[in-house]
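# Fold and contact review
For reference, the chains in residue letters:
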Amino acid sequence: MDRGSFPDRRRLGSLIEQERAAFQSANPRSHRLHEEGRRSLIGGVPMPWMTEWAGDVPLYFSEARGDRITDVDGHTYIDFGLGDTGAMPGHSPGATVDAVIDRIKARGGITTMMPSEDAPVVGAELARRFGLPYWQFTLSATDANRFALRMCRQIQQRPYVLVFNWCYHGSVDETVAALGRDGRVIPRPGSVGPQVDPVATTRVAEFNDLDRVRHLLADRQVAAVLTEPALTNVGIVLPQPGFLDGLTEACRRTGTLLVIDETHTISAGPGGCTAAWGLEPDVVTVGKWLGGGVPIGAYGVSQRVADALAADETGDYEDWGGIGGTLAGNPLSLAAARATLHDVLTEAAFSDMIARATRFTEGVEAVIDQARLGWCVVQLGCRAEYHFCPSPPRTGSQAGAVIDDDLDRYMHLFAMNRGLLMTPFHNMALMCPETTDGDVDRHTEIFAEAVEQLFG
Ligand code: PMP
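Residues numbered from 1 in each chain as written. Predicted model: local features only at pLDDT ≥ 70, side-chain atom pairs only at ≥ 80, totals over all residues. Heavy atoms only, no water.

### Some words on the overall build of the protein
Selection rule: Helix and strand definitions here come from DSSP, where helices need a minimum of 4 consecutive H or I residues and strands a minimum of 2 consecutive E residues; each element is numbered from the N-terminal end. What the globule rule says is 2.2 Å times the number of residues to the power 0.38, and the radius of gyration is computed from C-alpha atoms. Think of it in three bands: residues with accessible area under 20% of the maximum for their type are buried, residues over 50% are exposed, and the middle band is partly exposed, with areas taken using a 1.4 Å probe on protein chains only. Working rule for contacts: check all heavy atoms of both residues, and any pair within 4.5 Å makes them a contact. We count Lys and Arg on the positive side and Asp and Glu on the negative side, and we leave His and both chain ends out. To locate a charge, take NZ of a lysine, CZ of an arginine, CG of an aspartate or CD of a glutamate.
When its secondary structure is counted, the protein shows 14 helices and 16 strands. On C-alpha atoms alone, the protein measures out to a radius of gyration of 22 Å, which is about the 23 Å that the 2.2 N^0.38 rule sets for 456 residues. C-alpha extents for the protein along the principal axes are approximately 65 × 60 × 45 Å. Across the 456 residues that make up the protein, the buried fraction comes to 55%. Within the protein, residue pairs in contact and separated by at least 24 positions form 74% of the contacts whose partners lie at least 6 positions apart. When the 40 positive and 59 negative side-chain charges of the protein are each reduced to one mean point, those points stand 3 Å apart.

This is how it looks when you write it as structure tokens:
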């Protein structure tokens, strides 16, 4: 695959220094708070990935509403990161906030170990959107994936799962795996622990490599394939025509369950890619966006999987068996999910958000064309991301090969210093219901300025 356009390294280094200095002088309170944080927090942060923000310290925020975030130094940003999809419904969406207040203040009850009346309503709405009849809830997408894989292995009585190289499905042991240079499975470099050797649990193929998938499923030892319908965690890698049909067909032929993770690809529409592309998975997992920012994940299963779970007499699903979460299915999360589904992430909201992302994509494309850059931008519904290569990657490895940490850092810092936030780990932009054409056009301007600085 062609290398893209990369700036002169010396020039990039000095541009990064300029932006770092500007960031430092504009954000004294964030720096002070980070110093204070270092005294009590491991690495000075509530979560390790928060060190990934492009400034030398993370921005500390004070307010967030719609697609705007205000930091503790008083700067207001257009937020295209939107909590890496956790805030895709916008920050603190009105209907979700009202439902949360009603639940916890007017009626009371944050966690009770009992179902609330919102639970069947949310289950029914997810069933309508994704076409799978039965659902249960977790606190995160990670747990939804973890439990989905356990259940698949239990009812299938097969040892392996298959995932794609450069996938991300949360901190689920079986999925923190990669293809080594010789094509064998290895723990993903840097994996912490490390977990049980994934050679014992996991097979890995390149996304879009149907022949390899068929080969790896042929001995019927794989309980389930877990995949996003398009990879979204190494930039966006779209499925090639026929790949998902071929994958579904290979799963059916070998009795392998297909688990589709719609945590990010919900960007494609109200029922994610599953509905938009007419997919027929056995299991769907979701999280992040569902509660409008309040923690909740969910997994949905087909009638066949539900029947197999009901018929299984050996698995201890209720007690010690490894499916759990005392706070999962709590009334606060479910009230938030009900409101978010019914009043925030509606059909109409998606069609506006997708139109904004199309405008974003066209704006970025125009800048790339005008500068004759070997970069490209890929859109998936209300999500768009640029890659530093001339045409969209077809596999995780191709996408991984063009990651450029310095260039990423520069693009993020440049945008941040001009009032615009992109997702820390990506060059990804997400639209929420409040994102306007003006916000998108501001991004295009800033992107053009950054390109001019780098290559002009
Ligand atoms: N699935 C996908 C596709 C993800 O990208 C992520 C996180 N980025 C997860 C699952 C896990 O989500 P969480 O960290 O909220 O559990």
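Still more ground to cover, so stick around.
### Quick look at empty space enclosed by the protein
The cut-off we apply is this: Of the grid points, spaced at 1 Å and generated over the protein atoms alone, those admitting a 1.4 Å probe that cannot get out make up cavities, while open sets with protein on both sides within 12 Å along at least five of seven lines make up pockets; any residue with an atom within 4 Å of a point is treated as lining. Grid points are joined across faces, edges and corners, and a volume is the space filled by probe spheres set on the points. Throughout this entry, Asp, Glu, Lys and Arg are counted as charged residues, while Ala, Val, Leu, Ile, Met, Phe, Trp, Tyr, Cys and Pro are counted as nonpolar. The remaining residues, Gly among them, count as polar.
What the rule picks out here adds up to 1 cavity of 30 Å³ or more. When its volume is computed, the largest cavity comes out at roughly 60 Å³. Looking at the largest cavity, the residues that line it are Tyr-386, Met-411, Phe-414, Ala-415, Leu-420, Met-422, His-443, Ile-446, Phe-447 and Ala-450. For the lining of the largest cavity, the element with the highest residue contribution is helix H14 (residues 437–455), accounting for 4 residues. Its residues assigned to classes, the lining of the largest cavity shows 9 nonpolar, 1 polar and no charged.

### A short note on helix H5 (residues 141–156)
Applied cut-off: In this scheme, a helix's expected span is set at 1.5 Å multiplied by one less than its residue total.
Compared with an ideal rise of 1.5 Å per residue, which puts 16 residues at 22 Å, H5 spans 22 Å between its outermost C-alpha atoms and is within 8% of the ideal. Those residues of H5 that fall on the buried side of the exposure criterion are Ala-141, Thr-142, Asp-143, Ala-144, Asn-145, Phe-147, Ala-148, Leu-149, Met-151, Cys-152 and Gln-156. Just beyond H5, the residue with positive phi is Gln-157, at close to 55 degrees.

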